[in-house]
Structures are given as C-alpha cells and as structure tokens.
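Letter by letter, the chains look like this.
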Amino acid sequence: MATLGIIKIVMGWAVSKPATRLYPFVKREPFANSRGSIAIEIEKCSMCTLCQKKCPTDAIIVKRQEKIWEIDRLRCISCAACVDACPKKCLTMITAYSPSVSQRGIDSFVQAPAKPSAQASAESTSPSDE
Amino acid sequence: MAQRTIVPFGPQHPVLPEPIHLDLVLEDEKVVEALPSIGFIHRGLERLAETKDFNEMTYVAERICGICSFIHGQGYCQAVEDLMKIQAPERALYLRSIWGELSRIHSHLLWLGLAADAFGFESLFMHSWRVREAILDIVEETTGGRVIFGSCKVGGVRRNIDNETLKSIKGRLKKIELMSREITKIFETDGSVKRRMVGVGVLSKEDAYALGAVGPTLRASGHAQDMRKRGYAAYAKLSWEPVVETAGDCFARSIVRVREVYQAFDLIYQAIDKIPDTEVEVKVTGNPPAGSETFMRVEQPRGEVVYYLKGSGTKFLQRFRVRTPTFANIPPMVVMLKGCQLADVPVIVLTIDPCISCTER
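Residues numbered from 1 in each chain as written. Chains lettered and ligands numbered in written order. Predicted model: local features only at pLDDT ≥ 70, side-chain atom pairs only at ≥ 80, totals over all residues.

A. Region of interest: the overall build of chain A. Along the backbone of chain A there are three helices and six strands. Counted from the first residue to the last, chain A has its helices and strands arranged as α-β-α-β-β-α-β-β-β. By residue count, 16% of the 130 residues in chain A fall in the buried class. (Helix = DSSP H or I, 4+ residues; strand = E, 2+ residues; numbered from the N terminus. Buried ≥ 20, exposed ≤ 12 C-beta atoms within 10 Å, placed from the backbone.)

B. Looking closely at the sheet that holds strand E1 (residues 4-9) of chain B. Residue and element names in this part refer to chain B. One open sheet accounts for three strands, arranged E1-E2-E3; its pairing is antiparallel. Each end of this open sheet is capped by a strand with a single partner; those strands are E1 and strand E3 (30-37). Neighbour-to-neighbour, the strand axes of the sheet open up by a mean angle of 20°, direction not taken into account. By the bridge criterion, six bridges tie E1 to strand E2 (residues 21-27) in an arrangement that is antiparallel. Across the sheet, the residue bridging to Ile6 is Val25, located in E2. (Pairing = 2+ DSSP bridges. Axes fitted to C-alpha atoms, helices over the stretch in contact; angles between N-to-C directions.)

C. Looking closely at the environment of Glu101(B). All names here are of chain B. By secondary structure assignment, the location of Glu101 is in helix H4 (residues 90-118). Classification of Glu101 by C-beta neighbours within 10 Å gives buried; the count is 29. The spacing of Glu101 and Ala290 is 189 residues in sequence and 34 Å in space, taken between C-alpha atoms. Beyond its immediate chain neighbours, meaning those up to four positions away, Glu101 contacts Ala264, Leu267 and Ile268. (Contact = placed C-beta atoms within 7 Å.)

D. Layout of the packing of helix H5 (residues 122-143) of chain B against helix H6 (residues 163-189) of chain B. All names here are of chain B. For the pair H5 and H6, interaxial distance at closest approach is 10 Å and the crossing angle is 165°. Regarding the angle of H5 to H6, the classification is roughly antiparallel. Once H5 is placed against H6, the crossing between them reads as left-handed. In this structure, H5 contributes Leu124, His127, Ser128, Val131, Ala134, Ile135 and Ile138 to the contact, and H6 contributes Ile169, Arg172, Ile176, Met179, Ser180, Ile183 and Ile186. (Parallel < 35°, antiparallel > 145°, perpendicular 65-115°, else oblique. Left-handed = near helix turned anticlockwise from the far one by under 90°.)

E. The sheet that holds strand E7 (residues 303-311) of chain B, seen in detail. All names here are of chain B. The three strands lie next to each other as E6-E7-E8, forming an open sheet whose pairing is antiparallel. The sheet terminates laterally at strand E6 (293-300) and strand E8 (317-323), the two strands that pair on one side only. With strand direction ignored, the average angle separating the axes of adjacent strands in the sheet is 15°. With eight bridges joining them, E6 and E7 adopt antiparallel strand pairing. Note that in E7 the partner of Met296 across the bridge is Tyr307. Together, E6 and E7 form the strand contacts of helix H3 (residues 69-84), whose direction differs from that of E6 by roughly 155°. Across the sheet, helix H11 (residues 325-337) lies against E6, E7 and E8, angled at about 130° from E7, the strand it touches most.

F. Highlighting the environment of Val322(B). Residues and elements named next belong to chain B. Tracing the backbone through its elements, the reader meets Val322 in strand E8. When the C-alpha atoms of Val322 and Ala49 are compared, they prove to be 12 Å apart, with 273 residues separating the residues in sequence. Residues within four places of Val322 in sequence aside, it is in contact with Glu46, Ile64, Val305, Tyr307 and Arg361.

G. Spatial organisation of the pairing of strand E1 (residues 37-40) of chain A. Residue and element names in this part refer to chain A. With burial as the criterion, only one face of E1 is covered, namely that bearing Ile38 and Ile40; the residues Ser37 and Ala39 on the opposite face remain uncovered. Across four bridges, the pairing between E1 and strand E4 (residues 91-94) is antiparallel. Bridging from a neighbouring strand, Ile38 pairs with Met93 of E4.

H. Structural detail: the interface of chain B and chain A. Every contact between the two is made by 19 residues of chain B and, on the other side, 14 residues of chain A. For the side of chain B that touches chain A, the secondary structure elements donating two or more residues are H5, H6 and helix H7 (191-197) of chain B. Among the elements that take part in the side of chain B that touches chain A, H5(B) stands out by supplying six residues, more than any other. Per-class residue counts for the side of chain B that touches chain A are three nonpolar, eight polar and eight charged. (Nonpolar A, V, L, I, M, F, W, Y, C, P; charged D, E, K, R; others polar.)

I. Fine view of H6(B). Taking 1.5 Å as the rise per residue, H6(B) with 27 residues should run 39 Å; its terminal C-alpha atoms sit 38 Å apart, in good agreement. If you look at H6(B), its biggest bend is around 25°, right at Glu182(B). Turning to H6(B), the residues buried within the fold contact helix H1 (4-15) of chain A together with H4, H5, H7 and helix H10 (250-274) of chain B. (Expected span 1.5 Å × (residues − 1). Bend = angle between axes of the 7 residues up to and from the residue.)

J. Just H1(A), in detail. Over its 12 residues, H1(A) extends 17 Å from the first C-alpha to the last, a length consistent with the 16 Å expected when each residue adds 1.5 Å. Within H1(A), only one of the 12 residues are buried, leaving the element largely exposed.

So this is what it looks like as structure tokens:
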C-alpha cells in the first residue's frame, strides 16, 4: 500500500543517526566561502573610503581625519561589496558570523599613527543611541 | 437559505507566516466568496531605486523575496544589462542557470514541506526540509550565502565555480535526487495526500488564462507557458520542455512542482556538462541611458516575474517596477476558493505558493 512509504522512511530514520545537530554543543563547520562577517586589517587601510561608497546599506563610515574605520554590524548585510572594492585588500570576509548583541553599537577600528613596530589594532566598542 | 457568516482568515499566520488577509463569506461550511486584502508589509523597495545606485539595487532586488532571491537578482541584472546593452559572458549565463535551478529545487522542496504541513502531514514536512538542507549546503558552499546568494551582478556573476567543484556538485546532486525521489513518491502515491488534494480548488484552463495565472498554477491547468522558454541565461542551449498537467486541481499543482524539481536536477546536469570556460563578468562602465526602458520576464519557482526599468542617464534608475508571481496568482486563487469547504481553504491558498513579501515589496 502506498501509505507505507512514509512509514518506511520514518522507521528508517528512527534507528539511524539524527539529521539535525545538538546545536550549542555540536556546531556546524562553516564552508570556506561562507559570508559571515567583515574583518579589517586596519594597519593596511589607506582610508580611501571606497568601501563606504560601495556599501549598499551605508554600514561603513570612514573618518579620514581621525583615521577611524567604523562598521555597524546590524546594518551590514555581508554582501562583500566592500571586500571586492578594497584596493589595499585589507578587508576580508570571515566565516564567523558577528555575535548577537543586546544593544545597537558601532565597531570602531582606529589606525595607530604610522610607526613600523607598533602592534596596534586598538579595538573598542562604543554603544550609541537606543 | 443558510445563514451567511464572515470568517476572517489571516493576516496573522494564515497557513504560512506571511500576512495575507481573506474575508471568507460562508454558508454553513461552504465558502461562497473570498475577499482578499493585501498591503500589510509594504516596504517601499521600488522607491529605493531613486536613491540607490543601480549596482547597489541588485542587493535590494535580491531581498524582495527570501526564497526566490537569486532569480529576483538575476531578473534585475538582466534588465539592467538590457538597458545598457551589455552581454554577460557565456559562463556567467550558465552559472546563473545553475544557481537559478538550485533555488527552484529548494523553493519547491520548501513548498512541498509546507503543503504537507498544511494538511497535517508533519513527518513529510520534516523530511522534505531535510532534503532541502542538502541543497542549501551546496548553495552556501558555492555562493557564500544560504538563501540570499548575493552572487549575481550587472555584467555577469560575482563568483565562479571551478570545474572540479561543479563535478563534485553533480555527484552530490545525484544522491540528493535519490533522496528527494523517496519523499516525492509519497506526494504522488499516498492516499491521505490525494484525499486532501484531488478535485479540490479546480481552476479551469479558460479561467487560468483569463485571470492571468502564472507559473505552476497556470501549467497545472494545461497551459505550457514557461518564461524560461524565452531562452534567457543558458536555457536556450539546454533541452527541456515545460511541465504541464491538465487537471487544474491542488494535486495537479503539487505534481507540477514535483516534476519541476526533477526537471531542475536535469537542467543542472546538462548545464554542468555544457558549461564553457570563459570569463564570468564583464566590466560595466557608464549608466543606464536616459529614457531607455525594458521589460524583463523571468521564471521564478512561483511563476513569471516582470521587471520594468527606466533609465535616467544617471546612476539612479528613474523607475523600478516589479510584478511578482503571487500578485498575478491572487485572482485565480479567489476563483478557486469559491465553492470549497472551509477546511480546504489552507490547502488551496498554499497551492498557489503565496509569497506575500514579494507581492508587496
């Protein structure tokens, strides 16, 4: 009988390994190509503002004078348009998603004044309105 | 005469978590009239075209719908290419067809699951989505996104898939095809599915044409109309025929989608075998010329979508208009609902594969 079809499948899966993962404990390996979030090597950045111009959601703000590169993670749609546009190749798409937050905020990356040995990728988070 | 009652159906979660509202006029359990109202999630995406550069609009176009996102992006890019007289490279056209068909498979499997859920067949719903997950993995591996592909651009595609990956995808798809055959066989043969769908919500061949139905809804009523036959992307170079059923009921619409899943698998295999080695994008310079207009019709999983674009000579488009398949399928749905039982309403509403976010943009 035709109705036996689904019973066969259900019984088959009742004795085999589940198709789902026990999520918080078992995490899925991301694919190498996955578009997770944007990372910047701030020291390489020339503050050309191309990424800001190409960003379709205006998530990136580059403050040329202060040498600050900012991204609003909640506005970012991970389209990688900035990564394609970056002439210095300092923007990369990493596979990790940006972590969940309870408050809106902007990730700021400040470029240290040019000093060859300075290991400075000062990272600070400044929660703004709301 | 029985007393008439009006039952509001939606907008909160009517069968699917998208807001469409129907006022069902009932006589006892029988629906005598259905009055639809839409407009609950209008987002004003078309207006955005006046403030976003035409390249950035690709991302907006993709976000019109979460399921047929790639084909929205493809339709938009093809329309802009038409305005600017750009010819995308061959390989890009093939890749667009491959991704378009992958999105058709995942959309139809999603729909089959939702349909099963609508008539209470929970296990079939879960198994359909299990198979769909394997397709989403292939999509994520090749484009980087699970449902929003982000891989189409004006002048080609943003990512290439190398030939080795294409071969391995073909091997994996063959396994997925076997898995989905197990699931779809149940749709075709199971008695409980048939009892809920055969003879329910019949749309005659004449009505389907006169009311402007599109996609599987139209093809299930006996019209062999498929926009892919216009030969955009690589479809002119692949051998296939539109899937047609003649019964016009809910079951016929499901069977059209089931058969389209296999057709999509077959189209992907053909495209992988024939894909040429060329560039995947051409450089785009300039803006859409002032006064240039275009209509671009592409076939989505839900039916035909029409893009109307008008250039302004600047980087902003003067007009961006989308006619989505669900909008065209609402008048036929109202006709199908007349005379059905109240309990059949969810199944009938679902068989047009409504996507309300698309409809209201």
